[in-house]
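This is what each chain is made of:
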Amino acid sequence: MLSNSGSYNTPDFARIEIRMTDKAGLKSAALQLRTLADDLDKLASGSLPDPTSNYLAWGSIKSTSKKLRGTACPTSQP
């Protein structure tokens, strides 16, 4: 389901998918999830309106999920 947030649509939920191959992958996932949690905390306590914060959070979640699935573009990874 999508919410209409001005000029863009934002899903009402987002999920993270993690490729589980080995302990190194799990350690990397833990680091990425901590970074995502920090980003979400900043958005939640920031001064942006809810629709904007939700849209930015959705993008951050989507990006993190791509990294953890191993489908992110090589240029977008740190």
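Note that the coordinates shown come from a computational prediction; the quantities given were computed from them, not determined experimentally. (Residues numbered from 1 in each chain as written. Predicted model: local features only at pLDDT ≥ 70, side-chain atom pairs only at ≥ 80, totals over all residues. Heavy atoms only, no water.)

### Section: a nonpolar patch on the surface
- A surface patch of nonpolar side chains, about 360 Å² in accessible area, is lined by Ile18, Met20, Leu26 and Leu33.
- Among the structural elements, Leu26 can be located in helix H1 (residues 23-45).
- Leu26 gets classed as partly exposed once you look at its relative accessible area, which sits at 42%. (Patch = residues over 30% accessible without salt bridge, like charges linked within 9 Å, V, L, I, M, F, W, Y side chains within 5 Å. Areas by Shrake-Rupley, 256 points an atom, 1.4 Å probe, with all protein chains shown as cover. Salt bridge = Lys/Arg side-chain N within 4 Å of Asp/Glu carboxyl O. Helix = DSSP H or I, 4+ residues; strand = E, 2+ residues; numbered from the N terminus. Buried < 20%, exposed > 50% of the residue type's maximum accessible area, 1.4 Å probe, protein only.)

### Here we look at the side chain of Ser53
- Mapped onto the secondary structure, Ser53 falls in helix H2 (residues 50-69).
- When its relative accessible area of 8% is taken as the criterion, Ser53 is described as buried.
- Leaving out residues up to four positions away in the same chain, Ser53 has contacts with Leu43 and Leu48. (Contact = heavy atoms within 4.5 Å.)

### Here's the deal with the confidence of the model for the protein
- Put simply, the protein has an average pLDDT of 84, and 79% of its residues get 70 or more.
- By mean pLDDT, the top-scoring element of the protein is H1 (95), and the lowest-scoring one is strand E1 (residues 2-5) (50). (pLDDT = per-residue confidence, 0-100.)

### Looking at the packing of H1 against H2
- At a minimum axis distance of 10 Å, the contact between H1 and H2 shows a crossing angle of 175°. It follows from the interaxial angle that H1 and H2 lie roughly antiparallel. Here H1 contributes Ser28, Ala29, Gln32, Leu33, Leu36, Asp39, Leu40 and Leu43 to the contact with H2, which in turn contributes Ser53, Leu56, Ala57, Ser60, Ile61, Thr64, Lys67 and Leu68. (Axes fitted to C-alpha atoms, helices over the stretch in contact; angles between N-to-C directions. Parallel < 35°, antiparallel > 145°, perpendicular 65-115°, else oblique.)

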